[in-house]
Amino acid sequence: MKNRFGLPNLGIGLGLRTVHYSHIVEQKPAVDWFEIISDNYLHTAGRPLDFLDLIAERYPIVMHGVSLSIGSTDPLDRDYLRELRALRDRVRAHWVSDHLCWTGVSSKNTHDLLPMPYTEEALAHVVARVRAVQDFLGAPLALENPSTYVEFAGDSMREWEFLGRLAEEADCALLLDVNNVYVSARNHGFDALRYLDALPFDRVVQMHVAGHTDHGTHIVDSHIGPVIDPVWKLLGNAHARAPGIPILLEWDAEIPSFEETHHEALRAREFIGATP
Amino acid sequence: MKREATADAIGTHERASATPVHTDHHAPSRHGVTPNWVPRELNLAAQQAWFEAIVTTPESEPAPADEAGLLRLVTPSKELTALERLDVYRRGYYARLVECLVDDYPVLQHALGEEAFEELSHAYIAEHPSKSPSLNYFGRHMADFCRTQPLPSPGFAADLAAIEWAIVLSIHAPTAPTLTSEELATVPGERWPSVCLKANPSLCILHQEYPANAYLQAFRNDADPSVPEAKRTSVAVYRTQMRVWRLELTPPMVTLFEALKSGATLAESLNRVAPELEGTPEAEAVQMVMHWFRTGVSSGLFSGLYFA
């Protein structure tokens, strides 16, 4: 399936992390593409951008943000959007993504991906803001399903319904994080496949996989360690619904060597094409 | 006069879409009372303000949520109460920002000890919450903050924090070319008095009450240094290409480099340093100044030259 936005299949990529900068610049490993955390390259004029420029010369780049705060009731931060757009143009990023969440109100930034209530009011609010961001960027925004640890009593729909309606009504793209689906399914007791069944896969332009931490009573989306097989299998299931969608591994804590991280990402090949 | 490289990983914290793993050593969080909203008041803005208040309230203080009232707003899971579910976010908020401060201030953390540093960080986060989409400058108040805190040696902690923050700033400062001796050699002899040097944009000259740079270097050398006695020192922190450097300076060097950094001509800069060389034979003084000048240039403190 080709996504409706015509965005390319970049293959299997890695989240770009500072501990790997030198290896990538010096060894020039064969990697399909890198995803950057956009916010790490804003408000800097120095070394992070120097490394990024070197890497962007050689590899396709996609931007993944954590501070857009698309669900916040604070006004959209136009300065942030301007910086985001400038960075996208600088590194020729194929697309820009962020999360279905909010990060703060009253000008504070908690730097956490806080959960949205799934209500009609919240949906209308986010749809309007996604449209405004897309107008500003002049390109589709991809929103990622978050991992969440609470559900609100006032919710009038489930997350998958909210996400599907948001994508249709705002005409935006989706970044499907299958680890987040797995985490939230465990935390809230829903069926991950039911979640996938409800998504408009023609709007999915990218998939994420990652490790997590199981506390027994709940799972935390820690991005630590290898991806467990049930998450790989969920990726296989999702990818079968949208073949040709690029896949990316996020590994953000206790990050191993570049080779080991890349080897883990390439495990996706074992699961792509698997049927439910 | 030692020029020391600083480990490359310093000050390059990641800001990822991950939630920190929470350890179980936390004391139980304190809770207050959930707002008793009537339906028309419970809009998205009110709900987010309330949620943020819970998340950002230190665990030692009561957050606006209690189990009974909370059930009207948040559902429990099979395994966790509604309050326990909220606490995942509450702990994550502090854990994430403490991680950021640890990344910026690893030597300060070593000097204070992990527990004291975490306590300091919690107080810092409460006093200076982030209002920026980026965490790159979140730790900028730490040196001043240390001076106000009941630490064993607040002055030393502040000086150490100041050096570590200068390292972070140097990483984010614009990258510039390094002035070379070949460029200097092109200056005609008669124009030397009017030559001005462009300072490396990352250059920061710190004046400290404690030898914090020596402590930092000992830590880098895998030693376990003790908190030093007070001793006035000056250190230049700057970056050339991908590498950060620290260069300890004597008082006349500080005068010379600060004059050049301010845009003074070489002649003016030498005049400023002259009083500090009183009593030194002229030929020796000239030799010393030329040595400092060459050291500053060869170390990468300057990125170019122009004429006044």
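Up top is the structure these notes are about.
Residues numbered from 1 in each chain as written. Chains lettered and ligands numbered in written order. Predicted model: local features only at pLDDT ≥ 70, side-chain atom pairs only at ≥ 80, totals over all residues. Heavy atoms only, no water.

1. Examining the sheet that holds strand E7 (residues 173-177) of chain A
Residues and elements named next belong to chain A. Inclusion rule: Any two strands with at least two DSSP bridges between them are considered paired. Segments assigned H or I by DSSP are reported as helices when at least four residues long, segments assigned E as strands when at least two residues long, and all are numbered from the N terminus. Angles here are taken between N-to-C directions and fall from 0 to 180 degrees, while the axes themselves are lines fitted to C-alpha atoms, restricted in helices to the stretch in contact.
Strand order around the closed barrel formed by eight strands is E1-E2-E3-E4-E5-E7-E8-E11, with parallel pairing between neighbours. Put simply, the sheet's adjacent strands are angled 30 degrees from each other on average, direction ignored. In the sheet, strand E5 (residues 141-144) pairs with E7 via three bridges, with the strands oriented parallel. Bridging from a neighbouring strand, leucine 143 pairs with leucine 174 of E7.

2. Notes on the packing of aromatic side chains
This is how the line gets drawn: Any two of the Phe, Tyr and Trp rings considered here, Trp counted by its six-membered ring, make a pair once their centres fall within 6.5 Å; the pair's planes then place it as stacked at under 30 degrees, edge-to-face at over 60, or tilted in between. Relative accessibility decides the category of a residue: with a 1.4 Å probe and only protein chains considered, values under 20% of the type maximum give buried, values over 50% give exposed, and everything between is partly exposed.
As enumerated under the stated definition, the model contains 23 aromatic pairs over all chains in all. Centroid distance Trp102(A) to Phe51(B): 6.0 Å. Interplanar angle 70 degrees. Geometry classified as edge-to-face. Within this pair, whereas Trp102(A) is found in the loop between strand E4 (96-99) and helix H4 (120-137), its partner Phe51(B) is found in helix H1 (residues 44-56), the two belonging to separate chains. Judged by relative accessible area, which is 1%, Trp102(A) ranks as buried. Judged by its relative accessible area of 1%, Phe51(B) is buried. Aromatic side chains Tyr149(A) and Tyr89(B) sit 5.4 Å apart centroid to centroid with 65 degrees between the ring planes, which places their arrangement in the edge-to-face category. Taken together, the residues span two chains, with Tyr149(A) in the loop between E5 and strand E6 (151-152) and Tyr89(B) in helix H3 (residues 82-104). Residues Tyr149(A) and Tyr89(B) agree in their burial class; the two are buried. Following the ring pairs from residue to residue traces out a cluster consisting of Trp102(A), Tyr149(A), Phe152(A), Trp50(B), Phe51(B) and Tyr89(B).

3. Concerning the environment of Val126(A)
All names here are of chain A. We apply this condition: The contact definition used throughout considers only heavy atoms, calling two residues in contact when any of these lie within 4.5 Å.
Here valine 126 shows up in helix H4. Classification of valine 126 by relative accessible area gives buried; the value is 0%. Counting along the chain gives 29 residues from valine 126 to aspartate 155, while the straight-line C-alpha distance between them is 15 Å. The residues contacting valine 126, other than those within four sequence positions of it, are Ile70, Gly71, Leu100, Met116, Phe162 and Leu166.

4. Quick word on unusual backbone geometry
Residues and elements named next belong to chain A. The backbone of serine 69 shows a phi angle near 55 degrees, a positive value even though the residue is not glycine. Inspection of the secondary structure puts serine 69 in the loop between strand E3 (61-64) and helix H3 (78-91). Residue glutamate 254 is not a glycine yet carries a positive backbone phi of 50 degrees. Relative to the helices and strands, glutamate 254 is located in the loop between strand E11 (247-250) and helix H9 (258-266).

5. Describing helix H5 (residues 114-127) of chain B
Residue and element names in this part refer to chain B. Put simply, the rule reads: Helix span, expected: 1.5 Å multiplied by one less than the number of residues in the helix. The directions from the helix axis to the C-beta atoms form the arc being described.
Spanning 14 residues, H5 covers 20 Å between terminal C-alpha atoms, matching the ideal 20 Å at 1.5 Å per step. Phe117, Leu120, Ser121, Tyr124 and Ile125 are the residues of H5 that are buried. With its buried residues spanning 135 degrees around the axis, H5 presents them on a single face. Summarising the geometry of H5, the exposed residues directed more than 90 degrees from the buried face are Glu115 and Glu119. For H5, the elements touching its buried residues are H3, helix H4 (106-112) and helix H6 (142-147).

These figures come from the coordinates and say nothing about function on their own.
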